[in-house]
Structures are given as structure tokens and as C-alpha cells.
Amino acid sequence: MSSAELFPLKEDFSDLHHLTENAVCMILSSCEEKGDYSALVRVIGRLFSSAEALMKSFRKDEAVATGDREPSPNTDSCGEERKRSSEAAAADSSSSSSPTSSSSAAGGETADVSVDICSVRRVYRKLLAVPQVEAALVNALIYLTPNVELDLEYLDAYESNPDYLNIFAIVMENCNLHSPEYLEVALPQFCKAMTQLPVGALARLARVWSAFSPAHLRRLMETFQQLITFTVVSNEYGGSNLVNDDQTVVAATQCLKVVFYACILGGDVDVGHNDADEDDGETEELSLHELLGEEQLYRKGPRVDHLERALGVRPIDSVKPLLPFEDFVNESLNEVLEMDKDFTFFKVDGETKFSFQSCPFILSVFTKSQGLYYDNRIRMYGERRLTALYNMVHDQQSEPFLRLKVRRDHIMDDALVRLEMISMENPSSLKKQLFVEFEGEEGVDEGGVSKEFFQLVLEEIFNPDIGMFTYDDETKLFWFNSSSLENDAQYNLVGLILGLAIYNYCILDVHFPMVVYRKLMGKRGTFADLEDSHPVLYQSLKELLDYTGNVEEDMSLTFQISHTDMFGSVVLFDLKEDGEQIPVTEENRQEFVNMYTDYILNRSIETQFRAFRKGFQMVTKQSPLMYLYRPEEVELLICGNRKLDFEALEKAAVYDGGYSKDSQIINTFGSQGFLGNHSLIWGGSEEAVPPVHHRHRQGADRRTQTAQHDYHQERLRLGQAADVAHLLQHAAAARVLVQGETEGATAEGHHSRQRIRYAVKCDELNFYQNGKQKRRELHNKKQC
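Since the structure is predicted, the reported quantities are computational estimates derived from the model, not experimental observations.

Re the overall build of the protein chain
Okay, step 1: Each helix and strand counted, the protein chain has 36 helices and 12 strands in total.
Okay, step 2: Among the 784 residues that make up the protein chain, the fraction classed as buried is 52%.

Set out below in C-alpha cells:
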């Protein structure tokens, strides 16, 4: 910086063409002496509204040359961020030199910017302490952003000068961006300009932000979240006015995506340990969907996220992000989002219409499940159409549904044979809607019979006598038996059952550790996964890594390990060739832990899990499941929410039909354990409960309904309620109706709420006779 810029000759500082921390301090001192801040306001308004001036402001090289540093309460945090930033840049340069690294897709750009971020933060703190400056910053941003947007869209400003990214780095350090002054005009325009940045620039910005502390990242996240919420609550959506068409919400969501990936990059990431996907065995022949012009609805292959590819990291790679993923969910947006239309944009009009499913981090599990529901139903209807067309062409009758007829006393064998035949002869039939029939029993499967089928099959599969899985009494979880005598077809069946349950929207009573769901989504088990699946082994290996004494002499361990098989025999395994002769030392103990972990979680069960995953992917391979969901959300989708607050349900209940909380039937309903007994309500075990969301929102009347379950016209089989008939015998004419509401979409597809109803009618006891208990009685009589 020249001396003229450090000590401007003009009193109005009109010869100052860009800002430095020293220049701002000098102007502030001059204004304080005069008691007039008009000169400062004019300088801020002129330079902050100029893209050229901002690009040259607060440069690191100038700050070092002029000693532009001063003590600050945040000096330590800035030093930590500089260290992390340099580490990120070094990692980026080393990864870009690797031929297998996908981070090179960002064009080999540096992960840093030429702006001194800490200097910018100190300047903002000083400027925002002056009340007159706030309005100047707002007006400058309003004037700046349209010009920036045009430069990026038509002049390729970033490609011409990568320092153009400095503008966004400087503006986003303003800690008042979430205030009302910015939310109406300035910040929406800025977000729209930011979306014009090329993918490489967004990836570079994500790397810059990944070096920030969690507190600074949270401020960035809350700024965009505040804009989304403010815009949503300020508008009414419905009919032709969709939130997908709101440019402010869409732009803010796309900006939030950059912060989301910054949180992943800045946290603990495991980009390795990936299992190769199974070959689909697809042919080059045109499918019938392609011949009918419906290939977009039934397109195959994973969806490509360009930012994700440029960064070379996926949400599934995140071990521990800087901010919890749950913080990125925006409840206000989820309430107004019409998933039926958003799904159409996601599948068909992705190039012209924005779908929030392209940014799944902002969606709740409940909203995602609606999108998955539409995808599954469309595939079911598609299979029916193809079957009808096939029948017309070949003049024969083919089954439009996936029908399984099984015997109760041979349910495992019947299910295995039938599903194996279908998967070999016509795997696409697995995409048809499931209908189950028990041999010798009458009844129409409206969901309850399928639910019972899944439960009985799982009871058989997880029976310790069969030996397919081992059970841990401490964790209450099942794990694959590495010495099982069952063939691959049995494990393939288990995977098929899980896939069919998701596809047919059925909750299962399954108890797997989280690593199983991570492995289902393509990751291999690592040492951190042992804490959940094998806690005793995890603690032992952790103590080995933390041991400060002589590992070789005190531990006497070698690279040969032992474990007990299902017959109680000790099995020895060499982690390395001649492992018995290789001692574990302080130098190689990390290698020992890694190889031990890999054997327990991957190699020892490789055959069983490959068959299990293959069965699961037979049903879910082409669905958006892997793209939309994280492992913990897949578990929630399969097993349901295991923690339900029935006390909150009872307190929020509103009674109709002349009933009150003091009515005898209501007291009986709760006192005899109906509300607290999950297995009575759902016909499953106590923990097999569908997900119920109790997220509260301001200004909303949270009520809960106990009436007919009308979630997307999918009724819960009332036959499952046969077990609770004795609770209601004294009220033959009574009808209990507890009304309430839960989040979702109405039958008309509007954005308000989805009503979920559960009806318990005593006058429907005759219908209950088709339930599980009655069918078992008939079956026992037949056997006699």
C-alpha cells in the first residue's frame, strides 16, 4: 500500500480505492475527533458497493506488509482457523495430485482466498459499533449484488479473476446479515448472486469455510436458515404458488448447501473404506419404459451432485461434522413443501424446476419418507401397467402384484423358495405391491397381513437356534454369525425382507447396530463403529492405543487373534501371514487395531453380508433411498422411532363425541396400558413403532388424532388390533375419537398438515375376528 493510501490528503478520503484494517482505523479516528461519521459512511457506501474495490480489500499480502495486525479477543480462534485452513490447502493439493482423488474436479484451485478473514472480522466489529454505518452497509449491498450477479452470469467474472470470490468471503463475515434490515432485500439479492458462482468457486468457498470454527459456521448456517424461515412465514403457498418457485428460498437453500458441505469437510471425514457396488447386470437393450418415453420416471443409476463431486466427499463419508446434521433441517419449509409436486420436479423437471430433494439435508425424515413413498408407488403402478401391456401382447394372464402364499409352520422355507424364484426369473416383480396370504386362512391383505408376515419371518430368522445371527445381551443388538452354516440364500432373504418392508412402507422389529446401515449404503466398518456394535472389544482396543507402557512386553499380543464360533470352539486367525510370530508393538499397534477391526466388521462376515446387501439392493437399488437418507435415517425408516412420548400425546389430546378425559372409556383406554403398550397398538414388539414426530412449531395447535389411519390412503390393518378387543368389551356402542394433527400434506396436496387418524370401534369387533389371534385359532383347529 502506498503512503498516499495510508495517509490520504483529501479530508473526504475520496482517493481511497480499497480498504485495509489500518485505513478503516485511521478513518474512524478522524471521525471520532470531529464527532462526525459522515465521511466514514460515504467511504463504506462507495467501496462496499464496488465489486472491484472489495476484491482488492483486506488482502493478506498487504496486511503482512503493513503489519496490519492487532491483539483481539479472537486472536486464538483466528490462529486456529489459519492452521486449519493451511492444513485444508495442503490436503487439497496432495489429494489433487492423486489420480484417484475426486477433489481435483474443482479445477485444482486453492482451498484458500487472498482475504485476511480475521482482519475483516475486526473491521466489522469496529464498524458495526457505529450506528450510522449499518444503513450504509445495507444500501451498499443492495447496490452491489445486481452488478455481481450480472458479472457472473454474462461476463464469467470468476473465470477471469478468481479473486472475485473475495467479495462473498467479505460480505458473509457481516454478523448482522440475519437482521430484518438485510432479510427483505439485501440478503435475498446476495444469495441469488452467490448461486451464479460456478461449481468450482462454490467448492472453493466450502473449503474456505470448512476451516472456520463451529461458532462461525453456525452463524453462517443460521443466516441462511433465518432468510428461509422469514420468507416462508411471510408468504402463503398453495395451488400454483409453490415454495419451489420462490427464488429467495431456493437461492438461500443452495447457499446453505455450501455451508453443509463445509461442515462435513471441517469435521471428521472417512472418504475411504468404500465397498464396490454390485454389478447390475444391465443390458444395452431398450427397456419397455424407455420405449414408452418414461425413462426419466424410472431412470437408473445414482443421482450426480456436482458440488459433491467437486469436493470429493459425500454426507455418508462424514464421521462427525462440525455442526449436527439435524440443525440444517428447516421445519417451516417442510410444513409448506408439497412433496407430490416436488417429487415430480425431482424426477422429471430437474433441469427446469428446483426440487428440494436435491438438497435433502434441509428435509426432515418425515418429508423424505413422503418422497420415497411417491417413488415406490409410481414404480408399483408402473409394474402393473407393464403387466397389463404384457398380458395384452401375449394374450395371457400375469399377476400384477407380488403375491406370496405361505404356510405358517413353514413360513421361512416358503418365503425363501418363492422370493428366490421371483428374484431369479423376474426380479422386476419385486417392485410390485406386496400381498401376502396364509394358506388355509381367509382374509384380504390391506397391510396387516403383510406386517404379520414380516414379523413371523423375522422371528424365525433371528431365532438363536437357527444361528444366522448372534445376540449381544449387553447391547440388545444382533450381529452376523461368521460361522453360520446357513447358505447365502438365507441372508439374501433377510436383505429382501428389509428392502420389501421399506418398499411397502412397513415398520419392522429389527435390532442392528448402526454399522449395518452404513455398510448397506456402501461404507466399510471402521474402528469407530465398534463402539456401537462390539463395545467390549472397542474399549479393549482403545486401551491398547492409549497405553503408555511397553506394549510388547506388557500386552504380549501378536497379529494372531482368536474368537469363539457358534459351537463354542476357539478359532484362530492370522491378521498377517505368520501373524503368530509378529508381536504387537507401540509402532504397529494402530495397524493391529485397524486389521482387527476390519476382520470383525468386514472380512469375517464378507460372504454373509454380500448376500444380505444384494437382497436389499434388489428392491432399493433404483430408488432415491441412498441419495436422500443417511444411515441413521435408514434405521428410522426401517425400525421406526423407538422413543415415543405418550404422556405428551395424552396431554395434547382433544376429545370429541361427548367424551372427556374423565370419561370411563377414556380412563380404561389409558389405565389398562393401551397407550403405553406399543405392541398392542401396532401388532408388533414394543419397540417396533412407526415414526411419530413431535416437533413443535410456534403458533400451531398441536393435536393428535386417534381415528382411521389415513396416511396416503394406506390403512393400518385393523385385524392387528384383535389383541386389544378385551379392553373395549364394556363399551359396545362407544366410539373413541381423539383428534389431532401431525405434519404433512392434506389429501388435496396443500401445504398445511396431514391428519393421521386411528379408530378403535367396539362395533367393529366382528371385523377384528379376521385378525392374528383368530387366524391362529383356526390354524390350530385345522392341525388338530
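Anyway, onward from the coordinates.
Focus: helix 8 (residues 131-154)
Okay, step 1: When the terminal C-alpha atoms of helix 8 are compared, their 37 Å separation across 24 residues agrees well with the 34 Å that a helix rising 1.5 Å per residue should span.
Okay, step 2: By the largest-angle criterion, Leu 144 marks the main kink of helix 8, which is about 25 degrees, and a proline, Pro 146, follows within four residues.
Okay, step 3: Regarding helix 8, the residues found buried are Val 133, Glu 134, Ala 136, Leu 137, Val 138, Ala 140, Leu 141, Leu 144, Thr 145, Val 148 and Leu 152.
Okay, step 4: Immediately beyond the C-terminal end of helix 8, within one or two residues, lies Asp 156, with a positive phi of roughly 50 degrees.

What to know about the nonpolar core
Okay, step 1: One finds Tyr 164, Ile 167, Phe 168, Met 194, Trp 209, Leu 217 and Phe 356 to be the most contacted residues of the largest nonpolar core, which totals 107 residues.
Okay, step 2: For this core, the element with the most residues is helix 15 (residues 247-266), which contributes 13 residues.
Okay, step 3: Residues Leu 419, Ile 422, Leu 530 and Leu 541 belong to the second largest nonpolar core, which totals 82 residues.

Looking at the pattern of salt bridges
Okay, step 1: According to the stated counting rule, one finds 27 salt bridges in the structure shown.
Okay, step 2: For Arg 524, the salt bridge identified is with Asp 598, shortest N-O distance 3.0 Å. Of this pair, Arg 524 sits in the loop between helix 24 (514-520) and helix 25 (530-533) while Asp 598 sits in helix 28 (residues 589-601), placing them 74 residues apart in sequence.
Okay, step 3: When salt bridges that share partners are traced, they join Glu 326, Lys 368, Arg 630, Glu 632 and Glu 633 into one network.

Section: the packing of helix 2 (residues 21-34) against helix 7 (residues 117-128)
Okay, step 1: Interhelical geometry of helix 2 versus helix 7 gives an angle of 15 degrees and a closest axis separation of 10 Å. The orientation of helix 2 with respect to helix 7, classified from their angle, is roughly parallel. As helix 2 packs across helix 7, the resulting crossing turns out to be left-handed. Between helix 2, through Glu 21, Val 24, Cys 25 and Leu 28, and helix 7, the contact on the second element is made entirely by Ser 119, Arg 122, Val 123, Lys 126 and Leu 127.
Okay, step 2: Looking at side-chain class alone, the contact of helix 2 with helix 7 contains five nonpolar, one polar and three charged residues.

Regarding the confidence of the model for the protein chain
Okay, step 1: Here the protein chain averages 78 in pLDDT, and 73% of its residues register 70 or above.
Okay, step 2: Overall, residues 69-76 carries pLDDT values under 50, and its contacts beyond four positions in sequence, including any with other chains, amount to 12 contacts.
Okay, step 3: Predicted confidence is poor over residues 93-109, with pLDDT under 50, and the contacts of this stretch with residues over four places away or in other chains come to 24 contacts.

Some words on the environment of Asn 376
Okay, step 1: Here Asn 376 is to be found in helix 20 (residues 365-394).
Okay, step 2: A C-alpha to C-alpha distance of 7.7 Å links Asn 376 and Asn 504, two positions 128 residues apart in sequence.
Okay, step 3: Filtering out sequence-adjacent residues up to four positions away, Asn 376 remains in contact with Ile 502 and Tyr 503.
Okay, step 4: At 3.5 Å, the side chain of Asn 376 forms a polar contact with the backbone oxygen of Ile 502.

Some details on the pairing of strand 3 (residues 402-406)
Okay, step 1: What you see with strand 3 is a clean split: Leu 402, Leu 404 and Val 406 sit on the buried side and Arg 403 and Lys 405 on the side with no burial.
Okay, step 2: Two elements, strand 3 and strand 4 (residues 434-438), share five bridges in a ladder whose sense is parallel. Residue pairing for strand 4: Arg 403 is matched across the bridge by Phe 435.

Section: a nonpolar patch on the surface
Okay, step 1: A cluster of nonpolar side chains, Leu 150, Tyr 154 and Leu 155, forms an exposed patch at the surface whose accessible area comes to about 360 Å².
Okay, step 2: Note that Tyr 154 resides in helix 8.

Describing the packing of helix 26 (residues 535-546) against helix 28
Okay, step 1: Interhelical geometry of helix 26 versus helix 28 gives an angle of 165 degrees and a closest axis separation of 10 Å. Considering their axes alone, helix 26 and helix 28 lie roughly antiparallel with respect to each other. Between helix 26 and helix 28 lies a crossing of left-handed hand. Judged by residue contacts, Leu 537, Leu 541, Leu 544 and Leu 545 of helix 26 engage Arg 589, Gln 590, Phe 592, Val 593, Tyr 596, Thr 597 and Ile 600 from helix 28.
Okay, step 2: Taken together, the residues of the contact of helix 26 with helix 28 sort by class into eight nonpolar, two polar and one charged.

Some thoughts on the environment of Asn 492
Okay, step 1: Along the chain, Asn 492 turns up in helix 23 (residues 488-503).
Okay, step 2: Residues Asn 492 and Gln 617, 125 residues apart in the sequence, show an inter-C-alpha distance of 9.9 Å.
Okay, step 3: Discounting chain neighbours no more than four positions away, the residues touching Asn 492 are Ala 611, Phe 612, Lys 614, Gly 615 and Met 618.

What to know about helix 22 (residues 448-461)
One turn of the α-helix equals 3.6 residues, which is why residues spaced by three or four share an orientation.
Okay, step 1: Helix length check: helix 22, at 14 residues, gives a terminal C-alpha distance of 20 Å against a target of 20 Å (1.5 Å per residue), a fit within 8%.
Okay, step 2: Within helix 22, 12 of the 14 residues are buried, which leaves the element mostly enclosed by the surrounding structure.
Okay, step 3: Listed as buried for helix 22 are Gly 448, Val 449, Ser 450, Lys 451, Glu 452, Phe 453, Phe 454, Gln 455, Leu 456, Val 457, Leu 458 and Ile 461.

Topic: the side chain of Ser 318
Okay, step 1: Looking at the element boundaries, Ser 318 is found in strand 2 (residues 318-320).
Okay, step 2: According to the relative accessible area criterion, Ser 318 is buried, its value standing at 8%.
Okay, step 3: For Ser 318, the residues in contact, after removing those within four places along its chain, are Ile 264, Asp 268, Phe 325 and Arg 518.

Calculation criteria
- Residues numbered from 1 in each chain as written.
- Predicted model: local features only at pLDDT ≥ 70, side-chain atom pairs only at ≥ 80, totals over all residues.
- Heavy atoms only, no water.
- Helix = DSSP H or I, 4+ residues; strand = E, 2+ residues; numbered from the N terminus.
- Buried < 20%, exposed > 50% of the residue type's maximum accessible area, 1.4 Å probe, protein only.
- Expected span 1.5 Å × (residues − 1).
- Bend = angle between axes of the 7 residues up to and from the residue.
- Core = buried A, V, L, I, M, F, W, Y, C linked by side-chain atoms within 4.5 Å.
- Salt bridge = Lys/Arg side-chain N within 4 Å of Asp/Glu carboxyl O.
- Axes fitted to C-alpha atoms, helices over the stretch in contact; angles between N-to-C directions.
- Parallel < 35°, antiparallel > 145°, perpendicular 65-115°, else oblique.
- Left-handed = near helix turned anticlockwise from the far one by under 90°.
- Contact = heavy atoms within 4.5 Å.
- Nonpolar A, V, L, I, M, F, W, Y, C, P; charged D, E, K, R; others polar.
- pLDDT = per-residue confidence, 0-100.
- Polar contact = N/O pair within 3.5 Å; in protein donor to acceptor, adjacent residues only side chain to side chain.
- Pairing = 2+ DSSP bridges.
- Patch = residues over 30% accessible without salt bridge, like charges linked within 9 Å, V, L, I, M, F, W, Y side chains within 5 Å.
- Areas by Shrake-Rupley, 256 points an atom, 1.4 Å probe, with all protein chains shown as cover.

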